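# A closer look at the structure
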Amino acid sequence: MTAEQTGLRIQEALDALAGSGAEQAGEQLVRDLMDFYGQGLARIVPLLPPPALDRMLDDPAVAGPLLLHDLHPESVTARIDRALASLPERVDVLGFDPGTGILRLRRTAGGCGCGAGDVEAALACHAPEVTAVELERAPQLLQIGTRPPLTAEAR
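Throughout what follows, the structure given in this document is the object of discussion.

About the thresholds
- Residues numbered from 1 in each chain as written.
- Predicted model: local features only at pLDDT ≥ 70, side-chain atom pairs only at ≥ 80, totals over all residues.
- Heavy atoms only, no water.
- Pairing = 2+ DSSP bridges.
- Helix = DSSP H or I, 4+ residues; strand = E, 2+ residues; numbered from the N terminus.
- 1 Å grid on protein atoms, 1.4 Å probe; cavity = no way out; pocket = protein on both sides within 12 Å on 5 of 7 lines; lining within 4 Å.
- Points joined across faces, edges and corners; volume = space filled by probe spheres on them.

## Digging into the pairing of strand S1 (residues 91-97)
Judged from the six bridges that link them, S1 and strand S2 (residues 102-107) form a sheet pairing that is antiparallel. Within S2, the position partnered with Asp92 by the bridge is Arg106. Between S1 and the antiparallel strand that follows it, S2, lie four residues; Gly101 among them carries a positive phi value of about 80°.

This is how it looks when you write it as structure tokens:
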């Protein structure tokens, strides 16, 4: 089960408690469990050798909880780079405004044309600070080629 699926299941369980008077108890239970797991992670992370931890940071099941508990060892810039490296095409970072959460990117020429949704999905796991993506296309190069001369009928 992915981190997103788990989050949805937890939200569904809390929604089911809504109106029954148990909603507050359910939310407190989630907070207490999060605190408990956060304390455990805070003890484990410093004991991991950096190469082992670095390999695990590509796994959303590891990166997500580390972000939730403010234990992720990488800066937001490094996490943005990690997310973008997972894409099938290359994009260049034009800038990130931490105040607004807007990340400006430019697609490089020759990309596959994947949608902004692919970029946003990659960023959601590694850099939730990014709240919006502005995606620019790289300028297209003029393609000069040879073709047969136009005939009188084609003109």
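## Points about the layout of surface pockets
In this model, the largest pocket occupies a volume close to 830 Å³. In terms of lining, the largest pocket is formed by 23 residues, of which the most central are Ala3, Glu4, Gly7, Gly64 and Leu68. For the lining of the largest pocket, the secondary structure elements donating two or more residues are helix H1 (3-17), helix H2 (23-44), helix H4 (60-68) and helix H6 (116-126). For the lining of the largest pocket, the leading source of residues is H4, giving six residues.

## Topic: the environment of Gly64
Examined against the element boundaries, Gly64 turns out to sit in helix H4. On a C-alpha basis, the gap between Gly64 and His126 in space is 7.2 Å, while along the polypeptide they are 62 residues apart.

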